[in-house]
Amino acid sequence: MIASCLCYLLLPAARLFRALSEILWREWEDFSAQPDAQGLEAGDGPQFQFTVMSYNILAQDLMQQSSELYMHCHPDILNWNYRFANLMQEFQHWDPDILCLQEVQEDHYWEQLEPSLRMMGFTCFYKRRTGCKTDGCAVCYKPTRFRLLCASPVEYFRPGLELLNRDNVGLVLLLQPLVPEGLGQVSVAPLCVANTHVLYNPRRGDVKLAQMAILLAEVDKVARLSDGSHCPIILCGDLNSVPDSPLYNFIRDGELQYHGMPAWKVSGQEDFSHQLYQRKLQAPLWPSSLGVTDHCQYFSSCHPKRAERLKYSRDFLLQFRFCDIACQRPVGLVLMEGVTDTKPERPADWAPSVLEEDTLEPEPVFPRTVGTIQHCLHLTSVYTHFLPQHGRPEVTTMPLGLGTTVDYIFFSAESCENGNRTDRRLDQDGTLKLLGRLSLLSEEILWAANGLPNPFCSSDHLCLLASFGMEVTAP
């Protein structure tokens, strides 16, 4: 690989870029008819169309801390100013409507990325990792296409909880699509967009699952509609887990039986089965104090609405006239004759212990399952993770020259029942329809370009890009 890099450096810059662009050419896979000029498509009905990019852009601080991973790269192409120019060129070329970024270094974000993206028409939200980490996640959208309804930063760190002692974060935005003028009284459902970068450590699958459960609970809260269903959801990020790993299958299938599973197996990144000691997942995976159920919902969402619990009768409330608290004289109460100088007389036949037991609200029951976690968001991946024309797996990154997929765009879809169902879940488009995607590359193709980063691609990950359509309905 080093020899390949030296050969590239001997080429003039223009010829080098031309050669690399030919090797790394990525095709747009179109699953729909061509849209009209308004961004709406004819067919079963008009659609609001938009594109989403997910991209781990490689934080400069992290790159310098792990310089041994980039020995194959010439120092010039690792310079941040060189990489920044390349990254901005990619953003401008693909021009997504929503941009989800991971490994965004804080000073680079505020000094260069956010001002440049703002000039390109984006509104940006950023969440730095907790602790002393200098990078984080960003979600950017075009206010000409969407209006912000709410933004929720997500921190996975929980003081005193060993399972969640890492500094990874996420971001969840609820966006309202803006329908072009001239279409009359029509509407589009809100869109929930989530972005995260899950812990890398291949041995700590328990941490990864807990982090994902917190993110899904936040998505469930933000995307939940008044009737209990969910608006369309897009989940992007570097999940540090490979396709068909237990964590991946949990996101896709909505259920995982984890009890007794070796922690390293959760993400499928490396095989540690040869090691004598293996951390195994125990049930329950996280304590009830986390406030997240085994269905990846916040605890409060399992109880009746507060407005329903507070409907008390007049007679019930009058009982509190003679409870112990009501009969105690407040400290510092000003004496006023006929007003504050008396206290209620407790009736002789009153049974205070019975009253107090009856009026205490019962402790809520936290539903737990035995070694199983679930969610009801019906997510599926934009990518199939295999290149049939090449007979090779797709890859999104190449650590130490080994291609693998850890980056994803998931979206909400309806599952299909199929009697001949294989191990891969079958899905059909729901309210959110996949219209196209930017093809990924194989490990062999990236080898030919001297891996990642290279003079053409300035991150150690490839960007993911997909086009979606949402139904436009009359009120």
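Reading the values: rules and limits
- Residues numbered from 1 in each chain as written.
- Predicted model: local features only at pLDDT ≥ 70, side-chain atom pairs only at ≥ 80, totals over all residues.
- Heavy atoms only, no water.
- UniProt positions renumbered as here; feature names shortened; annotations may be inferred.
- Patch = residues over 30% accessible without salt bridge, like charges linked within 9 Å, V, L, I, M, F, W, Y side chains within 5 Å.
- Areas by Shrake-Rupley, 256 points an atom, 1.4 Å probe, with all protein chains shown as cover.
- Salt bridge = Lys/Arg side-chain N within 4 Å of Asp/Glu carboxyl O.
- Helix = DSSP H or I, 4+ residues; strand = E, 2+ residues; numbered from the N terminus.
- Axes fitted to C-alpha atoms, helices over the stretch in contact; angles between N-to-C directions.
- Parallel < 35°, antiparallel > 145°, perpendicular 65-115°, else oblique.
- Left-handed = near helix turned anticlockwise from the far one by under 90°.
- Contact = heavy atoms within 4.5 Å.
- Nonpolar A, V, L, I, M, F, W, Y, C, P; charged D, E, K, R; others polar.
- Core = buried A, V, L, I, M, F, W, Y, C linked by side-chain atoms within 4.5 Å.
- Buried < 20%, exposed > 50% of the residue type's maximum accessible area, 1.4 Å probe, protein only.
- Pairing = 2+ DSSP bridges.
- Phe/Tyr/Trp six-rings, centres within 6.5 Å; stacked < 30°, edge-to-face > 60°.
- Expected span 1.5 Å × (residues − 1).

The chain has the name Protein angel homolog 1 in an unreviewed UniProt entry, where Mustela putorius furo is given as its organism. Comment text from UniProt for the chain, heading Sequence similarities (unreviewed entry), reads "Belongs to the CCR4/nocturin family."

A. Representation of a nonpolar patch on the surface within the structure. Where nonpolar side chains cluster on the molecular surface, the patch consists of Val-334, Met-336 and Val-339 and spans about 290 Å² of accessible area. Examined against the element boundaries, Met-336 turns out to sit in the loop between α11 (324–327) and α12 (352–359).

B. Local environment of the packing of helix α7 (residues 205–223) against helix α8 (residues 246–253). Relative to each other, α7 and α8 sit at 20 degrees, their axes nearing to 11 Å. One finds that α7 runs roughly parallel with respect to α8. The way α7 lies across α8 gives a crossing that is right-handed. Where α7 abuts α8, its residues Lys-208, Leu-209, Met-212 and Leu-216 lie against Leu-247, Phe-250 and Ile-251. Residues of the contact of α7 with α8, tallied by class, amount to six nonpolar, no polar and one charged.

C. Structural detail: the environment of Gln-64. One can find Gln-64 in helix α3 (residues 60–65). It is 9.4 Å that separates the C-alpha atoms of Gln-64 and Leu-78, two residues lying 14 residues apart in sequence.

D. Structural context of the nonpolar core. Judged by nonpolar contacts, the single largest core of 61 residues is most densely connected at Phe-50, Phe-91, Ile-98, Ile-234 and Phe-468. Once you skip the residues sitting within four places of it in the chain, Ile-98 turns out to touch Phe-50, Thr-51, Val-52, Met-53, Val-139, Cys-140, Tyr-141, Phe-146, Leu-175, Leu-191 and Val-193. Judged by nonpolar contacts, the second largest core, of 47 residues, contains Val-172, Leu-216, Leu-247 and Ile-373.

E. Region of interest: the sheet that holds strand β1 (residues 28–30). Reading across from one edge, β1-β18-β19-β2-β3-β5-β4 is the order of the seven strands in this open sheet, with mixed pairing throughout. Of all strands in the sheet, those bounded by a partner on one side alone are β1 and β4 (123–128). Strand-to-strand twist across the sheet, computed as the mean angle between neighbouring axes with direction ignored, equals 20 degrees. Note that β4 and strand β5 (residues 135–141) share six bridges and pair antiparallel. Bridged to Lys-127 within β5 is Cys-137. Each of β3 (98–105), β4 and β5 is contacted by helix α6 (residues 106–119), which is oriented at about 155 degrees to β3, the strand it contacts most.

F. Geometry of the packing of aromatic side chains. Per the stated rule, a full pass over the model turns up 13 aromatic pairs. Plain terms: the ring middles of Phe-50 and Phe-146 are 5.6 Å apart, the flat faces sit at 90 degrees to each other, and that makes the pair edge-to-face. Of the two residues, Phe-50 sits in strand β2 (residues 47–56) while Phe-146 sits in strand β6 (residues 146–155), which places them 96 residues apart along the sequence. Linked through ring pairs, Phe-48, Phe-50, Phe-146, Phe-411 and Phe-468 together constitute an aromatic cluster.

G. How the structure looks around the sheet that holds strand β15 (residues 407–412). The sheet built from six strands is open, its strands ordered β6-β7-β8-β9-β15-β12 with mixed pairing. The sheet is open, and its two edges are formed by β6 and β12 (379–381), each paired on a single side. Adjacent strand axes in the sheet meet at a mean angle of 20 degrees, parallel and antiparallel pairs treated alike. Relative to strand β7 (residues 169–177), β6 runs antiparallel, the two sharing nine bridges. Each bridged residue has a counterpart across the sheet, and for Ala-151 the counterpart in β7 is Leu-173.

H. Region of interest: helix α5 (residues 80–94). The first and last C-alpha atoms of α5 sit 21 Å apart over 15 residues, in line with the 21 Å expected at 1.5 Å per residue. Residues of α5 that are buried include every one of Trp-80, Arg-83, Phe-84, Asn-86, Leu-87, Met-88, Glu-90 and Phe-91, and no others. Positive backbone phi, at 50 degrees, marks Asp-95, one or two positions downstream of α5.

I. Quick look at the packing of α5 against α6. Closest axis-to-axis distance for the α5/α6 pair is 11 Å, and the angle between their directions is 30 degrees. As far as their axial angle goes, α6 and α5 are roughly parallel. Taken as a pair, α5 and α6 cross one another with a handedness that is right-handed. Facing Trp-80, Asn-81, Phe-84, Met-88 and Phe-91 of α5, the residues of α6 in contact are His-108, Gln-112, Leu-113, Ser-116 and Leu-117. In terms of residue class, the contact of α5 with α6 is built from six nonpolar, four polar and no charged.

J. Structural detail: unusual backbone geometry. Cis geometry marks the peptide bond from Ala-283 to Pro-284, where omega comes out at -5 degrees. Relative to the assigned elements, Pro-284 resides in the loop between β10 (255–257) and α9 (306–309). Put simply, Leu-452 and Pro-453 share a cis peptide bond, and its omega is -10 degrees. For Pro-453, the location among the structural elements is in the loop between α13 (443–448) and β19 (464–471). A positive phi angle is found at Glu-103, which is not glycine, with a value near 55 degrees. Along the chain, the position of Glu-103 falls in strand β3.

K. Spotlight on α8. In terms of residue burial, α8 counts as a mostly covered element, since seven of its eight residues are buried. Among all positions of α8, only Pro-246, Leu-247, Tyr-248, Asn-249, Phe-250, Ile-251 and Arg-252 are buried. Tucked into the core, α8 has its buried residues touching α7, β10, β11 (372–374), β12 and β15. Looking one or two residues beyond α8, the residue adopting positive phi is Gly-254, at roughly 80 degrees.

L. Quick look at the pattern of salt bridges. Going through the model one piece at a time under the given rule, you end up with 16 salt bridges. Note that Arg-118 is salt-bridged to Glu-114, the shortest N-O span being 2.8 Å. Taken as a pair, Arg-118 and Glu-114 lie in helix α6 at a separation of four residues, close to a single helical turn. A network of salt bridges, in which partner residues are shared, links Glu-162, Arg-204, Asp-206 and Arg-279.

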